[in-house]
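Breakdown of the fold
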There are 2 protein chains.
Amino acid sequence: MKSITDVESLAKRRGFFWMSSEIYGGLSGFYEYGHVGTLVKRKLENVWRSYFLGLNDNFFEIEPADIMPEKVFIASGHLENFVDPIAKCRKCGTEHRADHILEEFLHENFEGMSAIELTEMMKKHKVRCPKCKGELSDVEVFNMTFPINLGVKGETKAYLRPETAQGVYINFLQEFDVTRKKLPLGLAIIGKTFRNEISPRQLIMRQREFTQAELQIFFDPEKIEEHPRWDEVKGYELLLKPVNEANVVKMKADEVVKKLKLPKFYVWHMVKMQQFIIDVLGLPKSRFRIRELSEDERAFYNKYHWDVELELESLGGFKEIAGVHYRTDHDLMGHQNLSKKSQEVFFDGKKLVPHVLELTIGIDRVIYSLIDIGCTEEKDRTYMKFKPCLSPFLACVFPLVNKDGMDDKAREIYDSLKHNFDVFYDDGGSIGRRYARADEIGIAFCITVDGDTLKDKTVTVRERDSKDQKRIKIAELNKYLQEKLL
Amino acid sequence: MKSITDVESLAKRRGFFWMSSEIYGGLSGFYEYGHVGTLVKRKLENVWRSYFLGLNDNFFEIEPADIMPEKVFIASGHLENFVDPIAKCRKCGTEHRADHILEEFLHENFEGMSAIELTEMMKKHKVRCPKCKGELSDVEVFNMTFPINLGVKGETKAYLRPETAQGVYINFLQEFDVTRKKLPLGLAIIGKTFRNEISPRQLIMRQREFTQAELQIFFDPEKIEEHPRWDEVKGYELLLKPVNEANVVKMKADEVVKKLKLPKFYVWHMVKMQQFIIDVLGLPKSRFRIRELSEDERAFYNKYHWDVELELESLGGFKEIAGVHYRTDHDLMGHQNLSKKSQEVFFDGKKLVPHVLELTIGIDRVIYSLIDIGCTEEKDRTYMKFKPCLSPFLACVFPLVNKDGMDDKAREIYDSLKHNFDVFYDDGGSIGRRYARADEIGIAFCITVDGDTLKDKTVTVRERDSKDQKRIKIAELNKYLQEKLL
């Protein structure tokens, strides 16, 4: 996709997403998924679930509340540290995110820099207000967590969670108790996260309300140098961008352990993350990298912090969409210290507070990437290259014309498929226009009922990417589509 | 289930749900779903989707933001009317919901009564503080919508949505445009809703954060007296409790139209709602009724307002879990008036603002009901009677003993099933204890690998409710389980 405006216009025209509450002029940082976007989002979430929970029999999904009490975020450090750097224009009054305007100005990443460093940097480069060219204030920090006051007088302080992870940590002991009482234990949340972003931007890439899919793996830190299924991945080639390398390097998992001194338990999960993005979602290796964050950039509690990035044409470079983070025992110890409730478990003959490896994905960012990368322009058409498992509708069914029994037959086929797949019935306009509509939202197969169908009980199935057309027996359609989903 | 304490204890012990943030003493009105509860919730949501979206080709799901701008709730009337009546104890200071303490005192429903009426009623019956017997203040109203301030200074006023419905209304025109441009158009949301309830209670029945599954059907009001598929339902027997009847009456859909003067379009959807609860969820007719709300009880904009209620032993009577509401053009006209954007569409040769029929279900309330009604105590066991499509795990796989190759074989069977179904592997404790654990969370089938399995390639499949055991060929397990899901 060439530009962000192209993404925005297609997304709106075809029912993927658009700015929230448009009839009231929109609400900055919030988006609505239309019916096509919602179908893609559901599929992505389900594919995520089945892949990540499938990594181990002891991985489960839970659903804690979005609103959590103040103490959770005192313990986690969010109330103290979860801040954005703000610079205000002295002329027009606009509040800017200091690191973002610096990034736009100097084309470098300034996330994680302190307010003082940012102020110095802005003075050094004489950065001024991007809106009115006015002088900017010194940088101040601003907490991004949304407070919620509960009760008639708002007497109970709570917050909308700024990450799903804390919902897992505070429920860890209870889940350890009701599952197998074994490590590793994986607990996942797919859910909403809320941040009072000062400059939400890039459509659904940086919103104030967004969906994360996160898996927190609790493990014995003494076993970090091993993984029982290491052999499956040791020869797998990772695409890495370490801090001290200028470009992406290809390295086998075994080499990564040796050369970068990363533990096997960590690298095994890096491989699984790369395989998910490349093999399951079908995104291209050529636009993929796992980038190591410098100490300045990463959260202070992360011992290892690598982010998955995709190169997105419409945003002019690599953007973070996921991460593999070794959070140590930072969170459980924080909760243990504040709550005075021991977070120790007994496992393998000893007592321990487990460490945490976090695999996190921004669901909205993946959807953006699927559209940016998937959108393919040929001279006579535009189509969205989604894998069948992510197509909003796997197939659509057309009658060639709305008469001679073709419409009834098409309905009958549609009805027989709709219990097993998301399918769409379309009888509006010419076949050419229906193909075009289906292509633009990434429907994988178009099934046309024509005059021959009534004679020989076959239909034409047209495959989106190749435009190849095949005659398939109606009786075999179900099986044909089922196989394409694998 | 005999009491609310029984539900609470089983729900916690078995991983269904428990109070939120327990390590910090809990947060009133918020619950966490554990891994078992989350599986049931996902299944319920998927069953809801496939049933309600399957009612019409022109019904779709969308996913708007949870946070919406102030104008939405000015237009909808929530900021003015979405209030709870509060009485404060002059002695201990506790704030009570006036209608709830009256209900506990007089065993009648007082929802919807005005503050003045409630004050009079409390004085007449000399109601005092349930906590300390102190004198109560006059009743005042309190708005239940949670405000959210966006931006550095909180300069933009927004709210967490107190119902999902408004997210549909403000996106109606955009979705009409990107779908078939036809009525009826159905738009559904399954998502979170937030209300600052003064007295959250009854576990997940009345929370401050909860999940609704709502379908808003936009239709031409001139066609309210008809439904193209009326014949399918006309002889179906509804279980109704009209305002002017003391008991439930059984009435065929045709009779309902004639005797109660309800329009066919409305009654058709009442039937579909009853069929969903009884046939799809498998809840018993003997505990089901659709109750007409009196004018005092119902929202002022609802012309017809019937609630689905289930009789729950642990809560001592019928409780609302769903509703069928004819909201007329109240919401679209409210948004048209405030936004000055016409909500008219052109359809069937004329311009019109559609009317709305709302089908709404409280997902958490259904889960509570499934547990209350499903929990069955026999002399030697307790089991949860969930339909296979709602069982957290459809089946579990046991090796009889963890040796002689039975464990490997059981693993192999488990691995072959886990891509198609939610299955659980259990090799802890005696077979008897494993059956007991499986029964208590409602796993439909237990598959045991024993000595004979290695010889004749069969396993024992034990059906939860009947305890019947059958030998099934391993090769046929997949098909066997698939059929049980239908």
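Below: a short report on this structure. Values in this document were obtained by computation on a predicted structure and should not be read as measured data.

What counts and what doesn't
- Residues numbered from 1 in each chain as written.
- Chains lettered and ligands numbered in written order.
- Predicted model: local features only at pLDDT ≥ 70, side-chain atom pairs only at ≥ 80, totals over all residues.
- Heavy atoms only, no water.
- Least-squares fit on C-alpha atoms with pLDDT ≥ 70 in both.
- Contact = heavy atoms within 4.5 Å.
- Buried area = accessible area lost by both parts, 1.4 Å probe.
- Salt bridge = Lys/Arg side-chain N within 4 Å of Asp/Glu carboxyl O.
- Helix = DSSP H or I, 4+ residues; strand = E, 2+ residues; numbered from the N terminus.
- Nonpolar A, V, L, I, M, F, W, Y, C, P; charged D, E, K, R; others polar.
- Buried < 20%, exposed > 50% of the residue type's maximum accessible area, 1.4 Å probe, protein only.
- Pairing = 2+ DSSP bridges.
- Axes fitted to C-alpha atoms, helices over the stretch in contact; angles between N-to-C directions.
- Phe/Tyr/Trp six-rings, centres within 6.5 Å; stacked < 30°, edge-to-face > 60°.

With that settled, consider the relation of the copies chain B and chain A. The transformation that overlays chain B on chain A combines an axial shift of 0.0 Å with a rotation of 180°, and the residual RMSD is 0.0 Å. Seen this way, the second copy is the image of the first under a two-fold rotation axis. Judged by C-alpha distance, B:Ile148 is the residue of chain B that lies nearest the rotation axis, at 3.7 Å. Comparing contact sets, 100% of the residues at the interface of chain B also lie at the interface in chain A, consistent with an isologous, same-surface contact.

What follows concerns the interface of chain B and chain A. Contacts between the two partners involve 73 residues from chain B, matched on the other side by 73 residues from chain A. The largest per-residue losses of area from chain B upon contact with chain A belong to B:Ile23, B:Tyr24 and B:Glu63, which jointly make up 14% of the total buried on that side. On the surface where chain B and chain A come into contact, there are 10 salt bridges. For B:Glu61, the salt bridge goes to A:Arg42, with nearest N and O atoms at 3.2 Å. A per-element tally of the side of chain B that touches chain A places helix H2 (residues 35–52) of chain B first, with 5 residues. When grouped by side-chain class, the residues that make up the side of chain B that touches chain A number 33 nonpolar, 18 polar and 22 charged.

All right, on to the side chain of A:Thr94 then. Residues and elements named next belong to chain A. Mapped onto the elements of the fold, Thr94 is located in the loop between strand E5 (83–88) and strand E6 (95–97). Assessed through its relative accessible area of 18%, Thr94 is described here as buried. For Thr94, the residues in contact, after removing those within four places along its chain, are Ala87, Lys88, Cys89 and Lys131.

Strand pairs in the sheet, formed through backbone hydrogen bonds, run parallel or antiparallel to each other. Residues and elements named next belong to chain A. Taken in spatial order, the 3 strands of this open sheet run E6-E5-E7, and their pairing is antiparallel. The open sheet has two edge strands with one neighbour each: E6 and strand E7 (140–143). Within this sheet the neighbouring strands show an average axis-to-axis angle of 50°, counted without direction. As paired strands, E5 and E7 are joined by 4 bridges and run antiparallel to one another. Residue pairing in the sheet places Pro85 in a bridge with Val141 of E7. Each of E5 and E6 is contacted by helix H5 (residues 98–106), which is oriented at about 65° to E6, the strand it contacts most.

This part covers helix H15 (residues 431–440) of chain A. Residues and elements named next belong to chain A. Those residues of H15 that fall on the buried side of the exposure criterion are Ile431, Arg434, Tyr435, Ala438, Asp439 and Glu440. Where the residues of H15 are buried, they touch helix H1 (4–13), strand E21 (382–384), strand E22 (395–399), strand E24 (445–449), strand E25 (458–463) and strand E26 (469–473). Following H15 by one or two positions, Gly442 has its phi on the positive side, about 80°.

A word on the packing of aromatic side chains. Residues and elements named next belong to chain B. Tallied over the full model, the rule gives 38 aromatic pairs over all chains. Where Trp48 meets Phe52, the ring centres are 5.0 Å apart and the plane angle is 35°; that geometry is what we call tilted. Of this pair, Trp48 and Phe52 both sit in helix H2, separated by 4 residues, roughly a single helical turn. The exposure class assigned to Trp48 is buried, which follows from its relative accessible area of 2%. Owing to a relative accessible area of 1%, Phe52 belongs among the buried residues under this scheme. Centre to centre, the rings of Phe172 and Phe176 are 5.8 Å apart; their planes meet at 50°, and the pair counts as tilted. Taken together, the residues span about one helical turn, with Phe172 and Phe176 both in helix H8 (residues 172–178) at a distance of 4 residues. Take Phe176: its relative accessible area is 4%, and that puts it in the buried class.

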